[in-house]
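The residues making up each chain are set out below.
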Amino acid sequence: MKKPITMALAGNPNAGKTTLFNELTGSRQHVGNYPGITVDHKRGHFTYKDQKVTITDLPGTYSLTAYSVEEIVSRDFLTNNRPDVVINIVDASNLERNLYLTTQFLEMGVPLIIALNMIDVAKDRGITVRCEKLAELLGVQVVPIIARSGQGTEELIKQAIEVAQSEKIWNPKDISYGDDLDEVLMKIVSIISDSSFLSSTYPPHYTGIKYLEHDDQILTLGQKADPVIAQKLEQMVGAISDHLLKTMEVYPESMIADHRYGFIKSIIRQGVLTHKFDIDRLYTSDKIDKVLTNRLIGPVIMLLILFGLYQFTFSWSELPVSWMESLFGWMGGIADTTLPDGPLKSMLISGVIDGVGGVLGFVPLIMFMFFGIAILEDSGYLARVAFMMDRIFRIFGLHGSSVMPFIVSGGIAGGCAVPGVMATRTLRSPKERMATLLTVPFMNCGAKVPVLVLLIGAFFTDHQALYMFLFTMLAWFVALVVAKFLRMTVLKGEATPFVMELPPYRFPTLRGLVIHTWERTWQYIKKAGTVILGISIILWALMTYPGLPESQQDNFSAKRTAISQSYPESIRSELLAYNQETGELSKKGKQLKAELTIIDQEESGAGLRYSIAGKIGTFLEPVSSLAGFDWRTNIALLGGFAAKEVIISTLGTAYSMGEVEVDASDSLGERLVRDPHWNSVVAVAVLIFIMFYAPCFVTVVCIAKEAGSWKWAFFSMAFNTVFAFLAAFLVFQIGNLLG
Amino acid sequence: MTLKDLNKKCRCLAKKVQQCTVSQHCVGQHGPLSETCHAGKVKICKITGDRKLCARMASLGVLAGEEAEIICPKKGSQCLLKIQGGTLSLDHTTSSNIIVQSV
Amino acid sequence: MWQIGIVILIISIALFFIGKRFYRQFRQATDPAQQISCGCSCSGCGEASCDSRSIEHDLSKKEK
């Protein structure tokens, strides 16, 4: 076996790095048509003709300066890990902008190969790139590919392996930055070379450029490595900066960028790029933007699209969801008739089928919702949503970069707060980041959606999509108001500027949509079948044991005997025959059965109340009843801290164990509607509490990690729960007053 | 031809750019991008604001002397700017620091 | 009686499984050496390395 090769995938945001990464490694990393989806670097492995390759997908960056977290992550990886070859993915339809990063790789002197991606998109736009010419002028190999279809990827890997295995020494390329800067750079480089300043990490030429660019990270490193040399270099750079500012009103970094772009233009003008159409014409994407991001029509269209998404989800999933309900009802019925009475039967029916079944029953709905979101995401519309929301976010003290974490967390519905919390790393201002971090859990994540759907479906049957839309709007509104409150109190600070590149609209491929929808739906199913199943079983045990004391059991037995005794012998034997499925019930017989069922349910209700979970739920009831929650709901809400899906599974278990009129085929929604404790006001109060109370365990841990202290994680739990309870309390009390 | 020669060849372009950085070279109506309330082509005259912002803009290709197209003019708020082949979304703070001149 | 035995076994497995999962999550998140991720998200493991496989065949098929 040959020595394994390490490769890095680098390029501008949205150039197709993750698509290529998935294509090569066969993994299912999430790809979206909006920038900033990869904040960390991700590693994968593959084998090509006996050659083992480890490939790392770096976050998308425009440059290698320390302006953003993504840039620092990418640069640190390249300098610390020194991959054998860097595959620079360049979007052929946007060559100028993409080659800016390439010039910096050339300056850095890393082993490089260019993957010229999206040649099909470029062709549609009438752009032809002459790869050989580009390769000749840059001095690196250029391989045209279409990452989405996999075209050209084998050739790319073959050539990348050749580059990695070749003995070629990659020296930093010398680009002119203008006479003034070139002269200073030469002096700086000679000082750096003579003193081996930072030479273990960066080539001298590169360090020199970074000093001229006033790169914070390199300046700090320099100060630590050799304060005397660092001081000297800083003085030299300071002098030239002053000179440039006085004479040309520019900083050295702007001048350097200007010359890099000049360098790129000079290459492109040598016949690398040919345009079939007028260069200045607006592409279809820009024309669409003129309408969709219009100041007045844009937001209206956005709201209509959102409402349309819910309408589509609810109307299309109604039938399959009812099939799933009947399926689990049928399974419960089968278990009821075939299994002998005992704790195992109770666990299977109340814990597993009613618990996990309640969560799995929403799979069709989740699937339709993810499909709709995948369309919005793959087409590039979500990036426009971020653009339009930026203005609103600013009013509430948040940053434009906060929009994506909100959407990832479930801003449209069906996300997850954990990647949302992690996505806040793109925010540079610590205060804005913290405000985002603490408010993203308010969004309706994939686990809260089924709870919302269940309660909306049960209590507001006629306008499900409308209510879902309103509750989503409410989540945004509350998140923004809380953010504003935090920014005005504990997180006071200035706003920082927001600049984002919008990706062009792309027509989603069916394959992409299916993969996106399936990967998310599968994760939902997998979680229901593992974590939720485990928690449901534990909660079932907590809701079953220690069980009623014998004296109380005897009481119920005595009651049953008394009722039976009050009926004539013939009716009792009629019921016995009916239970053995050998006879029919008369009117009196039915009456006896009903009376006995009531006693059975009272016993199981008393058992539930006597259980560990029941005692906790009852203990909290005096407080929770102020907001309309009964003790059974309390158990579900406590369980929800482990994972929000557990709310549904626990309600399913609680209401199948202690229900007055049990019918195995009844859905949880129907049981809730019939329960005297529940009505539409209680439903809204519970919904509001569930939407805003403490985030789930995993999110809390993640907040602690990202915020760098447990203080914020506890703050988030306490603040959210108190806030949610107050909101639910108000809704319940006002709702009751209004009748 | 070496890369450096190539680069030198385009220096005339860089000079042209540098000339524009001095405001008197920007003749005609010019002002901050945030105040420009019509769609169409503009020429960037100068980037003001703090050093970080200038550097960030420069790395995105928003440089003095470049021509850009305003796709979505929003006076006093963010705007969409098509430059160097890409579409940038700029907020009010940023766009008020970009001095442009209509072409 | 046998039902109680099975139920106890299932509950123990569930406790062990959930406990292990949460403990791992907690440790991953509190490990200062682990800078990159804050553990597996609720939608599963985000590390690509969890899902690495060979593309040898895929590639050769595609090019044909």
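Let us look at the structure shown here. (Residues numbered from 1 in each chain as written. Chains lettered and ligands numbered in written order. Predicted model: local features only at pLDDT ≥ 70, side-chain atom pairs only at ≥ 80, totals over all residues. Heavy atoms only, no water.)

1. What to know about the packing of aromatic side chains
All names here are of chain A.
Piece 1. Considering all chains together, one arrives at 28 aromatic pairs over all chains under this definition.
Piece 2. Taken together, a centroid distance of 5.9 Å and an interplanar angle of 90° make the contact between tryptophan 540 and tyrosine 545 edge-to-face.
Piece 3. Taking the relative accessible area as the measure of exposure, tryptophan 540 reaches 0% and is therefore buried.
Piece 4. When the centroid spacing of 6.4 Å and the interplanar angle of 90° are considered together, the rings of phenylalanine 689 and phenylalanine 725 count as edge-to-face. Within this pair, whereas phenylalanine 689 is found in helix α30 (residues 680-692), its partner phenylalanine 725 is found in helix α32 (residues 710-738), the two being separated by 36 residues in sequence.
Piece 5. The positively charged end of arginine 632 is found above the aromatic ring belonging to tyrosine 655, 4.6 Å away from the centroid. (Phe/Tyr/Trp six-rings, centres within 6.5 Å; stacked < 30°, edge-to-face > 60°. Buried < 20%, exposed > 50% of the residue type's maximum accessible area, 1.4 Å probe, protein only. Helix = DSSP H or I, 4+ residues; strand = E, 2+ residues; numbered from the N terminus. Lys NZ or Arg CZ within 6 Å of the ring centre and 35° of its normal.)

2. Some remarks on the pairing of strand β4 (residues 79-83) of chain B
All names here are of chain B.
Piece 1. The buried fraction of β4 amounts to five of the five residues, a majority that puts the element mostly inside the structure.
Piece 2. Side chains Cys79, Leu81 and Ile83 project from β4 onto one buried face, and the interleaved Leu80 and Lys82 project onto a second face that is buried too.
Piece 3. Taken together, the five bridges between β4 and strand β5 (residues 86-90) define a ladder with antiparallel strand orientation. What sits directly across from leucine 81, in β5, is leucine 88. (Pairing = 2+ DSSP bridges.)

3. Re the interface of chain A and chain B
Piece 1. With 62 residues of chain A at the contact, the number on the chain B side is 50 residues.
Piece 2. Of the roughly 5000 Å² buried at the junction of chain A and chain B (both faces included), carbon and sulfur atoms supply 55%.
Piece 3. By the criterion of area lost to chain B, the three top residues of chain A are A:Tyr67, A:Phe387 and A:Val499, representing 12% of everything that side buries.
Piece 4. On inspection of chain A and its partner chain B, the count reaches seven salt bridges.
Piece 5. Here B:Glu66 and A:Lys265 are joined by a salt bridge, their closest N and O atoms 2.8 Å apart.
Piece 6. Where chain A meets chain B, there are 13 residue pairs in polar contact (both at pLDDT 80 or more).
Piece 7. Counting residues per element, the ones that place at least two in the side of chain A that touches chain B are α3 (95-108), α5 (131-138), α7 (179-195), α10 (227-248), α11 (252-272), α12 (284-292), α16 (381-395) and β9 (499-502) of chain A.
Piece 8. Where β9(A) lies against β5(B), four bridges are found, and the strand directions are antiparallel. Bridged to A:Met500 within β5(B) is B:Ser89. (Contact = heavy atoms within 4.5 Å. Buried area = accessible area lost by both parts, 1.4 Å probe. Salt bridge = Lys/Arg side-chain N within 4 Å of Asp/Glu carboxyl O. Polar contact = N/O pair within 3.5 Å; in protein donor to acceptor, adjacent residues only side chain to side chain.)

4. Points about the environment of A:Gly355
All names here are of chain A.
Piece 1. In this fold, glycine 355 is placed in helix α14 (residues 343-360).
Piece 2. By relative accessible area, which is 0% here, glycine 355 ends up buried.
Piece 3. For the pair glycine 355 and serine 649, spaced 294 residues apart in the sequence, the C-alpha separation amounts to 3.6 Å.
Piece 4. Glycine 355 has contacts with Ser350, Ser536, Ser649 and Thr653, leaving out every residue within four places of it along the chain.

5. Let's talk about α12(A)
Piece 1. When α12(A) is considered as a whole, its buried residues turn out to be A:Ser285, A:Asp286, A:Asp289 and A:Leu292. Seen end-on, α12(A) carries its buried residues on one side only, within an arc spanning 130°. (Arc of directions from axis to C-beta.)

6. A short note on the pattern of salt bridges
Piece 1. All told, the structure shown has 29 salt bridges over all chains when counted by the stated rule.
Piece 2. In this structure, A:Asp216 engages B:Lys52 in a salt bridge whose closest nitrogen and oxygen atoms are separated by 2.7 Å. Linking A:Asp216 in helix α9 (residues 216-225) with B:Lys52 in helix α3 (residues 51-59), this pair reaches from one chain into another.
Piece 3. Relative accessible area serves as the criterion here: at 38%, B:Lys52 is assigned to the partly exposed category.
Piece 4. Note that A:Asp390 is salt-bridged to A:Arg394, the shortest N-O span being 3.6 Å. Here A:Asp390 pairs with A:Arg394, and both are found in helix α16, just four residues apart, close to one helical turn.

Nothing here speaks to function; it is all geometry.
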